[in-house]
Amino acid sequence: MLEAADGLLVEVGYSRLTIEGIAERAGVAKQTIYRWWSSKNDILMDAFVQDAAEALIPSDTADLRQDLRTHARKIARFLTESDAGAVFRALTAQAQHDPALAARLRFEHLGKQRSYDRLPFERAVTRGALNANTDIDLAVDQIVGPIYYRVLVSGQTASPKFTDTLVDAVLTQLSPAHTDV
C-alpha cells in the first residue's frame, strides 16, 4: 500500500491523489487503507519515513570528504529522482498549510534525518580527524540547507558538482589545523 501511494502520487500529483486511488492501485478495499491510515497525508508520511530511513543513512569509509560527498549526492538524488522525494516535496508543500502535518514531519523525519546528517562529522571527531569543537550543526546546515533550498524553493536540481562544491567549501572553512580531511 505504501508503494502504491508513492507511485500514484508521482503519476497524478498530490491534489488528485485519493485513498480510493491508492486502494485500487494496491488491490485492496479502501476500508483496509482506512483501518491503518485516516488520511492520504498519513499514508504518505508512513511511506516517506520508511523510504527515507532506508535511503539516507550516510556511509562510513573513514574518509570525511568522500562520506560527505556521497551523502550530499544521495540526498540530492533522493529529493529529485525518487518517488519518495516526490512524496517529501508534496508533504512539505502541504505542511505549509497544515500545522499538524508540519509537526509530524519535523518529529518523524527531520529530527532523525538531522542525526543521520551529523554522523559523518561525529565519526570524524571520534577518529580524531576533526576538532571536537567543530560546530557540526552549522556544517550540516551549510551542506544540506542549499540542497533543500534548490529542490524545494527554486525548483533547481542539485548536481553532483554542486553538492561536491558545498562539501569542499565547508571542509575548507574548517581550519586545516583542525582537520584531516
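Residues numbered from 1 in each chain as written. Predicted model: local features only at pLDDT ≥ 70, side-chain atom pairs only at ≥ 80, totals over all residues. Heavy atoms only, no water.

**Some remarks on helix α1 (residues 2-12)**
By the burial criterion, the buried members of α1 are L2, A4, A5, D6, G7, L8 and L9. Each element contacted by the buried residues of α1 is listed here: α2 (19-26), α4 (40-55) and α6 (83-95). Following α1 by one or two positions, G13 adopts a phi angle in the positive range, close to 85°. (Buried < 20%, exposed > 50% of the residue type's maximum accessible area, 1.4 Å probe, protein only. Helix = DSSP H or I, 4+ residues; strand = E, 2+ residues; numbered from the N terminus. Contact = heavy atoms within 4.5 Å.)

**Some remarks on the UniProt feature "DNA-binding region" (unreviewed entry) in the protein**
As recorded in UniProt, the feature "DNA-binding region" (unreviewed entry) lies at residues 18-37. Between the end C-alpha atoms of residues 18-37 there is a gap of 12 Å, over a span that is 75% helix and 0% strand. (UniProt positions renumbered as here; feature names shortened; annotations may be inferred.)

**Examining the side chain of D164**
Mapped onto the elements, D164 comes out in helix α9 (residues 160-173). We classify D164 as buried; its relative accessible area is 10%. Aside from chain neighbours lying at most four places away, what touches D164 is R69 and R73.

**Focus: the packing of α6 against helix α8 (residues 136-154)**
Relative to each other, α6 and α8 sit at 75°, their axes nearing to 11 Å. Comparing their axes, α8 and α6 come out roughly perpendicular. Contact residues: α6 offers F88, R89 and T92, while α8 offers Y148, V151 and L152. (Axes fitted to C-alpha atoms, helices over the stretch in contact; angles between N-to-C directions. Parallel < 35°, antiparallel > 145°, perpendicular 65-115°, else oblique.)

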